[in-house]
Amino acid sequence: IVVRRSGDTSSPFKVLVVGSIHGDEPEGMKVVDRLNRRFRKGINGVDLWTIRTVNPDGIKRGTRKNAHGVDLNRNFPYRWDGSLNGGYNSGPRPASEPETRSIMKLANRTGFNLAIWFHQPWGRTLVPCNKDRRWGYLYARLSGLGSGGSCDRGRYPGSAVSWQHHEYGTTAFV
């Protein structure tokens, strides 16, 4: 997992952008590449952290899951559900996967204010249902993806977004 940091490293406003957590959803990596090219020197007032993918094994194989057959977006501790299987196998225990633990360590060390995690299936922004929804709606408008008219109630067990919000209060959305 390669993390790139640019911008104003002294800024208290820390942003994480993740291009892919599922190996069969690589399109967000193009967004990260474009961000890295366009904002090579960063964005004034923003400490920007980007990760092309947190699932390099899944990208290489073109599969949703990592090399251990775990859906990393169901492996985070908050609301982890060990009964999930099939396409959403959550792993043998919360944070059982090295990729999950790496992201947890980074988030713990950095304390992101905003995190955007790219997924492909919906083609829209899943706006948080809490006070942070204004950021999701702003992103939806600026990106042209739209919001689909509903919000993400955090119903996805073990997700990175729910974990970041719950653990650190990070404004995080898909």
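This text goes with the structure placed above it.
About the criteria used
- Residues numbered from 1 in each chain as written.
- Predicted model: local features only at pLDDT ≥ 70, side-chain atom pairs only at ≥ 80, totals over all residues.
- Heavy atoms only, no water.
- 1 Å grid on protein atoms, 1.4 Å probe; cavity = no way out; pocket = protein on both sides within 12 Å on 5 of 7 lines; lining within 4 Å.
- Points joined across faces, edges and corners; volume = space filled by probe spheres on them.
- Nonpolar A, V, L, I, M, F, W, Y, C, P; charged D, E, K, R; others polar.
- Phe/Tyr/Trp six-rings, centres within 6.5 Å; stacked < 30°, edge-to-face > 60°.
- Helix = DSSP H or I, 4+ residues; strand = E, 2+ residues; numbered from the N terminus.
- Buried < 20%, exposed > 50% of the residue type's maximum accessible area, 1.4 Å probe, protein only.
- Patch = residues over 30% accessible without salt bridge, like charges linked within 9 Å, V, L, I, M, F, W, Y side chains within 5 Å.
- Areas by Shrake-Rupley, 256 points an atom, 1.4 Å probe, with all protein chains shown as cover.
- Salt bridge = Lys/Arg side-chain N within 4 Å of Asp/Glu carboxyl O.
- Pairing = 2+ DSSP bridges.
- Axes fitted to C-alpha atoms, helices over the stretch in contact; angles between N-to-C directions.
- Contact = heavy atoms within 4.5 Å.
- Left-handed = near helix turned anticlockwise from the far one by under 90°.
- Lys, Arg positive; Asp, Glu negative; His and termini not counted.
- Charge placed at Lys NZ, Arg CZ, Asp CG, Glu CD.
- Core = buried A, V, L, I, M, F, W, Y, C linked by side-chain atoms within 4.5 Å.

J.: Describe the layout of surface pockets, and please don't skip the residues or the numbers.
T.: Here the largest pocket is characterised by a volume of approximately 510 Å³. Residue composition of the lining of the largest pocket, by class: 16 nonpolar, one polar and no charged.

J.: Please provide a residue-by-residue account of the packing of aromatic side chains, values included.
T.: In the structure shown here, the tally under the stated rule is three aromatic pairs. Consider the rings of phenylalanine 76 and tryptophan 163, whose centres lie 5.5 Å apart with planes at 35°: the pair is tilted. Here tryptophan 163 lies in helix 5 (residues 160-168) and phenylalanine 76 lies in the loop between helix 2 (56-61) and helix 3 (98-110), a separation of 87 residues in the sequence. Assessed through its relative accessible area of 3%, tryptophan 163 is described here as buried.

J.: Pulling in residues and values, what's your account of a nonpolar patch on the surface?
T.: On the surface, a cluster of nonpolar side chains totalling about 280 Å² of accessible area is made up of Trp135, Leu138 and Leu142. By the secondary structure assignment, tryptophan 135 is in helix 4 (residues 133-143).

J.: Residues and numbers for the sheet that holds strand 4 (residues 114-117), please.
T.: Sheet strands pair via backbone hydrogen bonds, and the direction of the pair is either parallel or antiparallel. Overall, mixed pairing links the five strands, which are arranged 1-3-2-4-7 in an open sheet. Single-partner strands in this sheet number two, and they are strand 1 (3-7) and strand 7 (171-173). With strand direction ignored, the average angle separating the axes of adjacent strands in the sheet is 15°. Of the pairings in the sheet, the one linking strand 4 to strand 7 comprises three bridges and is parallel in character. The partner of leucine 114 across the bridge, within strand 7, is threonine 171. Where helix 3 meets the sheet, it contacts strand 1, strand 2 (14-18), strand 3 (47-51) and strand 4, and its direction lies at approximately 180° from that of strand 3.

J.: Tell me about the packing of helix 3 against helix 5, residues and numbers included.
T.: Where helix 3 contacts helix 5, the two axes come as close as 11 Å, and the packing angle between them is 35°. In this structure, the crossing between helix 3 and helix 5 has a hand that is right-handed. Listed contacts from helix 5 to Met104, Ala107 and Asn108 of helix 3 are Trp163, Gln164 and Tyr168.

J.: Give a detailed account of a positive patch on the surface, specifying residues and quantitative values.
T.: On the surface, a cluster of positive charge is made up of Arg34, Arg37, Arg38, Arg40 and Lys41. Along the chain, lysine 41 falls in the loop between helix 1 (27-38) and strand 3.

J.: An account of the nonpolar core is requested, with residue identities and associated values reported.
T.: Most often, soluble globular proteins keep nonpolar side chains buried together rather than apart. Formed by 22 residues in total, the largest nonpolar core has its most connected members in Leu16, Ile21, Ile51, Val54, Phe76 and Trp117. Only strand 2, strand 3, helix 3, strand 4 and helix 5 provide two or more residues apiece to this core. If near-sequence neighbours (up to four positions away) are discounted, leucine 16 is found in contact with Trp49, Ile51, Phe112, Leu114, Ala115, Ile116, Trp117 and Gln164. In this structure, Leu35, Val46, Leu48 and Tyr139 belong to the second largest nonpolar core, which totals 11 residues.

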